[in-house]
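# Chains, contacts and geometry: an overview
This is what each chain is made of:
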Amino acid sequence: MTTATATVELLTVPEVMARLKLGRSKVYDLIRSHRLASIKIDGARRIPAHAVTDFVLGQIEEAA
């Protein structure tokens, strides 16, 4: 494992819900539509923190 992969913060769906102020179904909709990157680890869905940041930045760019 490299240093870069060791520092990736993985968030749960409830943590992403809190950060984005969105409901559970909306977060899963974003994941299903590939607008928010995620991985599955033994059935547990995890979202890299940088994916949340990338999503927000992309939304800001679209709005401009």
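Let me sum up the structure you'll find in this document.

What counts, and at which threshold
Residues numbered from 1 in each chain as written. Predicted model: local features only at pLDDT ≥ 70, side-chain atom pairs only at ≥ 80, totals over all residues. Heavy atoms only, no water. Pairing = 2+ DSSP bridges. Helix = DSSP H or I, 4+ residues; strand = E, 2+ residues; numbered from the N terminus. Contact = heavy atoms within 4.5 Å. Axes fitted to C-alpha atoms, helices over the stretch in contact; angles between N-to-C directions. Parallel < 35°, antiparallel > 145°, perpendicular 65-115°, else oblique. Left-handed = near helix turned anticlockwise from the far one by under 90°. Nonpolar A, V, L, I, M, F, W, Y, C, P; charged D, E, K, R; others polar. Salt bridge = Lys/Arg side-chain N within 4 Å of Asp/Glu carboxyl O. Buried < 20%, exposed > 50% of the residue type's maximum accessible area, 1.4 Å probe, protein only.

## Examining the sheet that holds strand β1 (residues 10–11)
Spatial strand order, β1-β3-β2: three strands in an open sheet with antiparallel pairing. The strands lining the two open edges of the sheet, one partner per strand, are β1 and β2 (39–41). Alignment of β1 against strand β3 (residues 44–48), held across two bridges, turns out to be antiparallel. The residue bridging L11 from the neighbouring strand is I47, located in β3. Across the face of the sheet, helix α4 (residues 49–63) comes into contact with β1 and β3 while running at roughly 60° to β3.

## As for the packing of helix α2 (residues 13–20) against α4
The description of two packed helices rests on the angle between their axes and on the distance between the axes. With their axes 11 Å apart at the nearest point, α2 and α4 run at an angle of 30° to one another. By the angle class used here, α2 and α4 are roughly parallel. In terms of crossing hand, the pair formed by α2 and α4 is right-handed. Note on element contacts: α4 touches α2 through A49, V52, F55 and V56, opposite V16, R19 and L20. In the contact of α2 with α4, the residues fall into six nonpolar, no polar and one charged.

## Concerning the pattern of salt bridges
Opposite charge on two side chains lets them pair, provided their charged atoms get close. This model, assessed by the stated rule, comprises two salt bridges. The shortest N-O distance in the salt bridge between E9 and R19 comes to 3.4 Å. Taken together, the residues span a long stretch of sequence, with E9 in the loop between α1 (3–6) and β1 and R19 in helix α2 at a distance of ten residues. Residue classification places R19 among the partly exposed positions, given a relative accessible area of 45%. For R32, the salt bridge is made with D29, and the minimal N-O distance between the two is 2.7 Å. Within this pair, R32 and its partner D29 are both found in helix α3 (residues 24–32), separated by three residues, close to a single helical turn.

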